[in-house]
Amino acid sequence: MKQSIPPIVTIAEIANHQDQEIRIAGWLFNLRSKGKIHFLQLRDGTGRIQGVAVEGECDPSSFQTIGDLKMEASVLVTGRVRKDERAPSGYELTVSGLTVVQNPEEDYPIAKKEHGIDFLLENRHLWLRSSLPGALLRIRHQAITSLRNFFNSRGFILIDTPILTGAIGESAGTLFEVPYFDMGNAYLAQTGQLYLEAACMAFGKVFNFGPTFRAEKSKTRRHLTEFWMLEAEVAYLDNPGNLQLQEDMICALVEDILSRCQEELKTLGRDVGKLKKVTPPFPRLDYGEAIHWLQQQGHDIEWGSDLGAEDETAVSNRYEKPVFVVNYPKKAKAFYMKENPDNPETVLCADLLASEGYGEIIGGSQREDDHDKLLARIHEEKLPEEAYTWYLQLRRFGSVPHSGFGIGLERTVTWLSGTHHIREAIPFPRTLSRLYP
Ligand code: 4AD
Ligand code: MG
């Protein structure tokens, strides 16, 4: 009688196969051998499990093969699933056979020993297999899923805004230029906001979620040149309503991460107690008060300038929750923000600073809906008026109060996961000095 081949099962669902003969399709990430026993550390992308091969019990040629395996050999392992309280996954595999898919001829570059960050980034294509990047990128995946769910459940329509744009978004200094046939240069989008403003007049509540490009020469732990941003834009929404929407979104996101990424947070050593404090309401701090407080703390900052990274860190460290800094000076912010009727030197806007010193993760505002004021701001900022013809038309055909914001995915994931540097919160980071791999 022909023996049936055991089914391939993922490590994530191994608990459903206790005492059954199964196969795992994966990679060997560590091997320890003691006399007549091989201990195989296996991973398959969904989890990790130890396989135990005992001479005499395991198929003899497989047992021989295991001894010659190099790290990261790809293997099909047959065995019986055994419950084991001491195992991190709760299960062990009693190995009966093994087929090699590919056995490396050289040593795997990433060893157990500590590597410097430059080495790890240079080997990002392999480093992805390690447990810390794995946990971080799973949290990123959950954050994307949760954010999409939040907007879908509230009736927002996804509007994909263009990546190649003809006009500049907010400021000319941070644009990547791309030659565009015989039309001169196109620019990689630094925001999709202006397009979302058009779309919210058509659909009411809209969002986008895609890559964003900034040619900023900032070499900080908060800056990438390519990052993912979710932007939302809502017609008939004022500034307080905009802040409420952001608060709801962040609370829903944190709740999801806490409940769905427990393993990952544990792997990363995240202090979840701090995340559990992220509950409504978030404090709202007036920009002027923030400046006054910063000056008292000895920060070299004047009313009128945007908060620097150190200022943001200091302000956010005052609170256990994220804090909205509201009503920045007009001259520190983009031309489209609505003038504050109570103080025309300021605008109806807010930055959300994440807790624990992580700084700005959201920028948003109510938008200037008055045609003439908007045009005046475009002139003041010396922006090319003709590029904004369509945008200005939105103020001539049924202009309404409207507001929106943009949340940076990687800054948010860096905060949620308690990671120091933003470059680890994206699969293949693009920075001032990195385009490889
Ligand atoms: O504050 P920003 O520049 O706002 C806008 O682009 C608006 N048009 C958004 C809107 O209102 N629709 O960027 C929004 C967020 C920041 O708060 C930050 O989280 C992230 O995008 N961000 C960056 N993330 C990584 N690297 C960079 N260089 C970033 N620049 C901004
Ligand atoms: Mg900003």
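Parameters and conventions
Residues numbered from 1 in each chain as written. Chains lettered and ligands numbered in written order. Predicted model: local features only at pLDDT ≥ 70, side-chain atom pairs only at ≥ 80, totals over all residues. Heavy atoms only, no water. Phe/Tyr/Trp six-rings, centres within 6.5 Å; stacked < 30°, edge-to-face > 60°. Helix = DSSP H or I, 4+ residues; strand = E, 2+ residues; numbered from the N terminus. Lys NZ or Arg CZ within 6 Å of the ring centre and 35° of its normal. Pairing = 2+ DSSP bridges. Axes fitted to C-alpha atoms, helices over the stretch in contact; angles between N-to-C directions. 1 Å grid on protein atoms, 1.4 Å probe; cavity = no way out; pocket = protein on both sides within 12 Å on 5 of 7 lines; lining within 4 Å. Points joined across faces, edges and corners; volume = space filled by probe spheres on them. Nonpolar A, V, L, I, M, F, W, Y, C, P; charged D, E, K, R; others polar. Core = buried A, V, L, I, M, F, W, Y, C linked by side-chain atoms within 4.5 Å. Buried < 20%, exposed > 50% of the residue type's maximum accessible area, 1.4 Å probe, protein only. Contact = heavy atoms within 4.5 Å. Disulfide = S-S within 2.5 Å. Parallel < 35°, antiparallel > 145°, perpendicular 65-115°, else oblique. Left-handed = near helix turned anticlockwise from the far one by under 90°.

## Some thoughts on the packing of aromatic side chains
Link 1 in the chain: The tally for this structure, following the rule as stated, stands at 15 aromatic pairs.
Link 2 in the chain: Where phenylalanine 209 meets tryptophan 228, the ring centres are 6.4 Å apart and the plane angle is 65°; that geometry is what we call edge-to-face. On the criterion of sequence distance, the pair formed by phenylalanine 209 in strand β10 (residues 205-213) and tryptophan 228 in strand β11 (residues 226-235) is long-range, its members being 19 residues apart.
Link 3 in the chain: Each ring, one from tryptophan 390 and one from tyrosine 391, has its centre 5.9 Å from the other, and the planes form 75°; the classification is edge-to-face.
Link 4 in the chain: Grouped by ring-pair contacts, the aromatic residues Tyr195, Phe335, Tyr336, Tyr388, Trp390 and Tyr391 constitute a single cluster.
Link 5 in the chain: Residue placement shows arginine 48 over the ring face of phenylalanine 29; its charged tip is 4.4 Å from the ring centre.
Link 6 in the chain: The lysine or arginine in question, arginine 221, covers the ring of tyrosine 358, its NZ or CZ lying 5.8 Å from the ring centre.

## Describing the pairing of strand β1 (residues 21-34)
Link 1 in the chain: Where β1 lies against strand β4 (residues 74-83), seven bridges are found, and the strand directions are antiparallel. Note on β4: the bridge partner recorded for glutamate 21 is arginine 80.
Link 2 in the chain: As defined by bridge partners, β1 adjoins strand β2 (residues 37-43) across seven bridges and the pair is classed as antiparallel. When the bridges of β2 are listed, lysine 34 appears paired with isoleucine 37.

## A few points about the sheet that holds strand β3 (residues 48-54)
Link 1 in the chain: Spatial ordering of the closed barrel is given by β1-β2-β3-β5-β4, a layout of five strands whose pairing is mixed. Looking at each pair of strands side by side, their axes are set apart by 55° on average, direction ignored.

## Quick look at empty space enclosed by the protein
Link 1 in the chain: Counted by the stated rule, this structure contains two cavities of 30 Å³ or more.
Link 2 in the chain: In this model, the second largest cavity occupies a volume close to 70 Å³.
Link 3 in the chain: Taken together, Arg221, Arg222, Gly357, Tyr358, Ile361, Arg411, Thr414, His420 and Ile422 form the lining of the second largest cavity.
Link 4 in the chain: A class-by-class count of the residues in the lining of the second largest cavity yields three nonpolar, three polar and three charged.

## Brief notes about the nonpolar core
Link 1 in the chain: Ranked by size, the top nonpolar core spans 42 residues in total, and within it Phe151, Met249, Ile250 and Trp415 carry the most contacts.
Link 2 in the chain: Setting aside residues up to four positions removed in sequence, phenylalanine 151 forms contacts with Phe156, Phe207, Leu230, Ala232, Met249 and Phe405.
Link 3 in the chain: By size, the runner-up hydrophobic cluster in this structure holds 29 residues, among which are Tyr287, Ala314, Val325 and Tyr388.

## Quick word on the sheet that holds strand β14 (residues 349-354)
Link 1 in the chain: Strands sit in the order β6-β10-β11-β16-β15-β14-β13-β12 across an open sheet of eight strands; the sheet is mixed. Only two strands of the sheet have a single partner each, and these edge strands are β6 (157-158) and β12 (284-286).
Link 2 in the chain: As paired elements, strand β13 (residues 323-326) and β14 share four bridges and run antiparallel to each other. In the sheet register, phenylalanine 324 faces β14, and the bridge partner there is leucine 352.
Link 3 in the chain: Most of the contacts of helix α6 (residues 239-260) go to strand β16 (residues 402-408), to which it runs at about 30°, and overall it touches β11, β12, β13, β14, β15 (359-366) and β16.
Link 4 in the chain: Across the sheet, helix α9 (residues 287-296) touches β12 and β13, and the angle it forms with β12 is around 75°.

## A short note on the state of the cysteines
Link 1 in the chain: Taken as a whole and judged by the stated rule, the model has zero disulfides.
Link 2 in the chain: Unpaired in this structure, cysteine 251 has its nearest cysteine sulfur neighbour in cysteine 261, at a distance of 17 Å.

## Thoughts on the packing of helix α4 (residues 131-153) against helix α13 (residues 409-417)
Link 1 in the chain: At a minimum axis separation of 10 Å, α4 and α13 run at an interaxial angle of 120°. Considering the angle they form, α4 stands oblique to α13. For the crossing formed where α4 meets α13, the hand is right-handed. Of α13, the residues touching α4 (which contributes Leu136, Ile139, Arg140, Ala143, Ile144 and Leu147) are Leu409, Glu410, Val413 and Ser417.
Link 2 in the chain: Of the residues contributing to the contact of α4 with α13, the split by class is seven nonpolar, one polar and two charged.

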